[in-house]
Every structure is written in structure tokens, then in C-alpha cells.
Amino acid sequence: MSSSAMHVAKTGLNAQQTKMQVIANNLANVNTTGFKRDRANFESLLYQTIRSGGAQTADGNMLTSSSTVGTGVNMVNTQKLYSQGSLISTDNSLDLAIDGSGFFQVLMPDGRMGYTRNGTFSRNGEGTLTTSSGYVLQPEISIPDNVSEINVSADGIVSVNLAGETQPQEVGQLTLANFANPRGLQPVGETFAVETPASGAPIEGAPLNGGFGKLVQGYLEGSNVNVVQQLVDMIETQRAYEVSSKSISSVDEMMRYLSNNL
């Protein structure tokens, strides 16, 4: 029984270590554009049933509740929390923020479609809009060389003013993607996430239509990590780790007592 208690306490140590890693990653990305904080979810492990509820204790009497012993805790999954981050002004015409629901669509080098809230875009050598890493924004939008001004409307229409011309020229339409279950997306780094069976298929549409958010030009969406809350969670996790560690020490002392006195 004592060794079982040690095993239960060990699962607690592992759980708190995992939670601390999640918190550390959140804090490390507090200034990452478009980053969404993670949350670790846990569940209790299987219970050992010694006597079931309703078992007969005497003639006409039954056990009012079952006799069970838990075997510890286990991490079920981690979830991205897609709450809105604060909008940060940059005054860069190719910096875009999504105010509301939706993801930018970017073609990744391995051929998969990446979904991100990071709207830090620029032009490559051919004038095509890309991310900071050079991945092409989808659908592709090319900006001519001789432009004096680039405008992106709230509903995603990209227009430019060409040198020597007074009328703006429309060069493309930005679209967003959303999912029935955004938390089912799989993060793959660089603030990108990819589709999984849990997320469902992407639903594509123009900003401001069908529940999609609006685009805000000249702004970027900051991380939604709340530093104060993360520090509180860190202290709580540290204390929980200490308690589980203390449980192991207490069980060890009990076993040592038995060894020395029996």
C-alpha cells in the first residue's frame, strides 16, 4: 500500500512538471505576435474498487457508497485558448490584425496549409505577400512595384495607389478561415497551427462576413498571455509539486519506521 501511495504521488509530480512547462512556454511567448496561451487539462486515473456501492453488509443492509482508492492523475491534453489579444499599433501598411474570429491562411514549405493570427506580412522579390519567414499568404496577392500607398479594408479588399494615378486599383481579396473547433488545431510552431480531424475542415470567407472578424491595417495582435495570472498559476503549481514531494517523503518515513520497529 505504501509503494502504491508513492506511485500516486509520482503521478502528481509528473502532472505539475507538465503544467509548469506549459506555463513557462506561455511566459516565454508573452511578446510573440498572435500567440495564444495554452492550458493543460488533467483527469484522475482509474480507481481501484475494493467494494462496490450497494454491496450487502448484513441482512437487509447495503453499503451506502463504494470503497475505492484512486491511482493518481494524468494529463489529458493541452488546449489553445483563442481569446482576443490586444491590438498594437505599428503604422506599417502590411501589418494586419484580426479583430474577431478567423485565421490567416499561409502555404507552408511542406505543402500543408498553416493557420495563424500573426499578421506580420511583407513583399518578396516578386511582390507577393508573405510572412516574415517567406511563406506565401493564401490566396496569393501581388503588389506592383510602383505603388505609393497600400490600403487594406476591414473586409479584406487590398487596393493600391500607383505612382502618377489618382484612382486606387484593387489587386486582391484577403480571406480568412475558421473551424468548428479551433481548439482541435495542432500547433506546429512559428505561431502556425494545422488542421486535424478534431478541428474539422476549414470554413473560408471574407472578413466581416459569416461571423468572421474584421481586418485592422497598421496593427498587430499581441499575445493573449496574462503575465500576472501565469505567475499566480506558477506559484500554485510549485506548491502542488511540493505537496506531492512531501507525500513521497512521508511514505518513505512510514516505511522506514516499519522496517526499524517490526
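Since we're looking at a predicted model, the values are computed, not measured. (Residues numbered from 1 in each chain as written. Predicted model: local features only at pLDDT ≥ 70, side-chain atom pairs only at ≥ 80, totals over all residues. Heavy atoms only, no water.)

### A closer look at the overall build of the chain
Part 1 of the reasoning: Across its full length, the chain carries two helices and 22 strands.
Part 2 of the reasoning: The C-alpha radius of gyration computed for the chain amounts to 27 Å, which surpasses the reference 18 Å derived for 262 residues by more than 25%, pointing to a less compact arrangement than a globule.
Part 3 of the reasoning: In terms of principal-axis extent, the alpha carbons of the chain reach across some 100 × 45 × 30 Å.
Part 4 of the reasoning: Looking at the 262 residues of the chain, the share that counts as buried comes to 36%.
Part 5 of the reasoning: At a minimum sequence separation of 6, the contacts of the chain that also span at least 24 residues come to 62%.
Part 6 of the reasoning: Counting 15 positive and 23 negative side-chain charges, the chain places the averaged centre of each group 14 Å from the other. (Helix = DSSP H or I, 4+ residues; strand = E, 2+ residues; numbered from the N terminus. Rg over C-alpha atoms; globule rule 2.2 N^0.38 Å. Buried < 20%, exposed > 50% of the residue type's maximum accessible area, 1.4 Å probe, protein only. Contact = heavy atoms within 4.5 Å. Lys, Arg positive; Asp, Glu negative; His and termini not counted. Charge placed at Lys NZ, Arg CZ, Asp CG, Glu CD.)

### Topic: the side chain of threonine 196
Part 1 of the reasoning: In this fold, threonine 196 is placed in the loop between strand 19 (192–194) and strand 20 (203–205).
Part 2 of the reasoning: If we ignore the near neighbours within four places in the chain, the residues touching threonine 196 are Gly184, Leu185 and Gln186.

### Focus on a nonpolar patch on the surface
Part 1 of the reasoning: Residues Tyr257, Leu258 and Leu262 make up a contiguous nonpolar surface patch of about 400 Å² in total accessible area.
Part 2 of the reasoning: On the secondary structure map, leucine 262 appears in the segment after helix 2 (227–261).
Part 3 of the reasoning: With a relative accessible area of 84%, leucine 262 lands in the exposed category. (Patch = residues over 30% accessible without salt bridge, like charges linked within 9 Å, V, L, I, M, F, W, Y side chains within 5 Å. Areas by Shrake-Rupley, 256 points an atom, 1.4 Å probe, with all protein chains shown as cover. Salt bridge = Lys/Arg side-chain N within 4 Å of Asp/Glu carboxyl O.)

### Quick look at the sheet that holds strand 16 (residues 169–173)
Part 1 of the reasoning: The three strands lie next to each other as 14-15-16, forming an open sheet whose pairing is antiparallel. The two strands at the open ends of the sheet, each matched to only one other strand, are strand 14 (147–152) and strand 16. Across the sheet, the mean angle from the axis of one strand to that of its neighbour is 25°, orientation sign disregarded. (Pairing = 2+ DSSP bridges. Axes fitted to C-alpha atoms, helices over the stretch in contact; angles between N-to-C directions.)

### A word on the environment of glycine 213
Part 1 of the reasoning: Counting through the fold element by element, glycine 213 comes out in the loop between strand 20 and strand 21 (214–217).
Part 2 of the reasoning: Distance in space between the C-alpha atoms of glycine 213 and aspartate 99 is 5.2 Å, their sequence separation being 114 residues.
Part 3 of the reasoning: Setting aside residues up to four positions removed in sequence, glycine 213 forms contacts with Asp99, Gly100, Ser101, Leu176, Pro207 and Leu208.

### Side note on the pattern of salt bridges
Part 1 of the reasoning: Enumeration over the complete set of coordinates arrives at seven salt bridges.
Part 2 of the reasoning: A salt bridge links glutamate 221 to lysine 36, with the shortest nitrogen-to-oxygen separation between them at 2.4 Å. Here lysine 36 lies in the loop between helix 1 (2–28) and strand 1 (38–44) and glutamate 221 lies in strand 22 (residues 219–221), a separation of 185 residues in the sequence.
Part 3 of the reasoning: Under the relative-accessibility criterion, glutamate 221 is labelled buried at 0%.
Part 4 of the reasoning: Linked by salt bridges that have partners in common, Lys36, Arg117 and Glu221 make up one network.

Limitation: the analysis is restricted to geometry and does not speak to function.
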